[in-house]
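Summary of structural features
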Amino acid sequence: MKSEFNSESITIKWGGHIELPPRNEDGKKSPGLAGVFAGYASDCYIVAGGANFADKPLAEGGAKQWWSDIYVHDGNQWKVYKDALPCPIGYGYSVELPEGLLCIGGCNKDACSELVYMIKLQKDGTPIIESLPSLPYPLANMSGGMIDGKVYLAGGIRSTDDQTASKTFLCLDLKTYEWSELPSWEGTARAFCVSAVQNDGEEECFYLFSGRDFGSEKKTEILYDGWKYSPSMKQWTKVEGYFPVMAGTAIPVGKYKILFLGGRCETGADDNVIRTFNTITGNIQEEAVSEVTIPVTCITTYRGSEFTIASGETAPGIRTPVLARGTILKSNTNH
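First things first, this report covers the structure right here in the doc. (Residues numbered from 1 in each chain as written. Predicted model: local features only at pLDDT ≥ 70, side-chain atom pairs only at ≥ 80, totals over all residues. Heavy atoms only, no water.)

Attention shifts here to the side chain of S143. In this fold, S143 is placed in strand β14 (residues 143-147). Look at S143 and you get buried, because its relative accessible area is 6%. Looking at S143, its side chain comes within polar contact range of the side chain of S195, at 2.5 Å. Sequence-distant contacts of S143, that is, excluding residues within four places in its chain, are made with Y93, Y152, L153, A154, C193, V194, S195 and L208. (Helix = DSSP H or I, 4+ residues; strand = E, 2+ residues; numbered from the N terminus. Buried < 20%, exposed > 50% of the residue type's maximum accessible area, 1.4 Å probe, protein only. Polar contact = N/O pair within 3.5 Å; in protein donor to acceptor, adjacent residues only side chain to side chain. Contact = heavy atoms within 4.5 Å.)

In structure tokens:
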């Protein structure tokens, strides 16, 4: 069995995985969570919120449950802080900042949320919540990225009553914590899309890929396109290529590459594939992965050459408690 993935001068070694602990002291293993907020704060790794089918599997008629717990891993062990979030929530977007983990939007069984708050850790690791200016409207199932102190959010849904994909494109200025609505891409509305920030040879740009378009009066359409937003030009341009990465996740690698981790294609099955996209050449490479199961509806965070995939869904209704970790051993950063 291979332990490394190599594509276009990128080599990944998998290992050092950690596993979410049981929520209760009953010895019952965690089923995992999808749609969590996740990232580092004060050198600890945080997993917060999310949803699963804890009591009974979806295939057996189980009901989806949303959670408001915060899990904190100090590098050695987990601590579980039950009901520490303002409400049960998942499927929002989170951003690692020096002062804490910024959590934006999301939804639960009742509604989408406009809440924005920061999870900070006290010296003993106990989380505290700092409320921040809300979104202009509720939003969930979006993707995002940060460029020069501004957080960009794209796509998503605004209501759980009328679950319709949107062409939302919002910007949060972290200096003022003011929101602005920007012109969206020319293409289709979408949710469960994938975003990454990477250089296009001129500047850091916001890249948007794939997702799916759906609504109460339309058939669900899986999307395979890509779009690039230039902050300096305030314009979108289409990215040529085929990106079957709906509900997957992506991170920048080196100067000009985007690494896609998993996703789903037109079959509806999980696509346990890693892909690289070069923003300069447009080259796309892919390879199947056998040594880890790459989930969807999750977030991948990275520090230096190491990245963590925060739990997620491995099949419809099935989560994984494993937080898969990889290290990028080699990357040709000039191409």
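As enumerated under the stated definition, the model contains 13 salt bridges in all. The closest approach of N and O atoms between R303 and D43, which form a salt bridge, is 3.1 Å. Here R303, found in strand β28 (residues 300-303), pairs with D43, found in the loop between β4 (37-41) and β5 (44-48); they are 260 residues apart in sequence, far enough to count as distant. With relative accessibility at 58%, the residue D43 sits in the exposed group. Salt bridges here are not isolated pairs; linked through shared partners, they connect R23, D69 and D83. (Salt bridge = Lys/Arg side-chain N within 4 Å of Asp/Glu carboxyl O.)

Here we take up the sheet that holds strand β12 (residues 116-121). Strand order in the open sheet formed by four strands is β10-β11-β12-β13, and the pairing between neighbours is antiparallel. Edge positions in the open sheet fall to β10 (93-97) and β13 (127-132), since each of these has one partner strand only. Ignoring strand direction, the axes of neighbouring strands in this sheet form an average angle of 25°. Across six bridges, the pairing between β12 and β13 is antiparallel. What sits directly across from L121, in β13, is P127. (Pairing = 2+ DSSP bridges. Axes fitted to C-alpha atoms, helices over the stretch in contact; angles between N-to-C directions.)

For Y40, the position within the fold is in strand β4. Under the relative-accessibility criterion, Y40 is labelled buried at 16%. Residues within four places of Y40 in sequence aside, it is in contact with Y45, E96, R303, T308 and R325. Here the side chain of Y40 touches R325 through a polar contact of 3.5 Å, side chain to side chain.

For the rest of this paragraph, the subject is the sheet that holds strand β19 (residues 204-209). One open sheet accounts for four strands, arranged β18-β19-β22-β23; its pairing is antiparallel. Of all strands in the sheet, those with a lone pairing partner are β18 (194-199) and β23 (235-239), marking the two edges. Direction aside, the axes of adjacent strands within the sheet are offset by 25° on average. Sheet topology places β18 next to β19; six bridges connect them, and they run antiparallel. Note on β19: the bridge partner recorded for V194 is F209.

Ranked by size, the top nonpolar core spans 19 residues in total, and within it L102, I104, L135, V151, L153, Y177 and W179 carry the most contacts. Secondary-structure elements contributing two or more residues to this core are β10, β11 (100-104), β12, β15 (150-154) and β16 (169-173). At three residues, the largest contribution of residues to this core is made by β10. Beyond its immediate stretch of four places on either side in the chain, Y177 contacts L97, E99, L102, M118, L132, P133 and L172. (Core = buried A, V, L, I, M, F, W, Y, C linked by side-chain atoms within 4.5 Å.)

This part is about the pairing of strand β17 (residues 178-181). In this sheet, β17 lies alongside β16 in antiparallel orientation, the contact comprising four bridges. Following the sheet pairing, L172 is matched in β17 by W179. Where β16 hands over to β17, the hairpin turn is made up of four residues, of which Y177 adopts a positive phi near 55°.

A few words now on the pairing of strand β9 (residues 78-81). Summarising the sheet, strand β8 (residues 70-73) and β9 pair through four bridges and their orientation is antiparallel. Bridge pairing links I70 to Y81 in β9. Between the end of β8 and the start of β9, which pair antiparallel, lie four residues, with G75 showing a positive phi angle near 105°.

With that settled, consider the environment of F209. Inspection of the secondary structure puts F209 in strand β19. Given a relative accessible area of 0%, F209 falls into the buried group. Each C-alpha atom, one on F209 and one on I251, is 12 Å from the other, the two residues being 42 residues apart in sequence. Filtering out sequence-adjacent residues up to four positions away, F209 remains in contact with R190, C193, V194, D225, G226, F243, V245, I258, F260 and F277.

Okay, the packing of aromatic side chains next. As enumerated under the stated definition, the model contains 22 aromatic pairs in all. Ring geometry for F37 against Y117: centres 6.5 Å apart, planes inclined by 65°, an arrangement best described as edge-to-face. Residue F37 is located in strand β4, and its partner Y117 is located in strand β12; the two are separated by 80 residues in the primary sequence. In this structure, F37 and Y117 share a single accessibility class: buried. Ring geometry for F209 versus F243: centroids 4.6 Å apart, planes at 55°, classification tilted. Here F243 lies in the loop between β23 and β24 (249-253) and F209 lies in strand β19, a separation of 34 residues in the sequence. The buried category is assigned to F243, whose relative accessible area is 1%. Pairwise contacts between aromatic rings join Y152, F169, W185, F206, Y229 and W236 into one cluster. It is R212 that lies over the ring of F192; its NZ or CZ is 4.0 Å from the centre. A cation over a ring is seen here: R325 above Y45, with NZ or CZ 6.0 Å from the ring centre. (Phe/Tyr/Trp six-rings, centres within 6.5 Å; stacked < 30°, edge-to-face > 60°. Lys NZ or Arg CZ within 6 Å of the ring centre and 35° of its normal.)

Keep in mind these numbers describe shape, not what the thing actually does.
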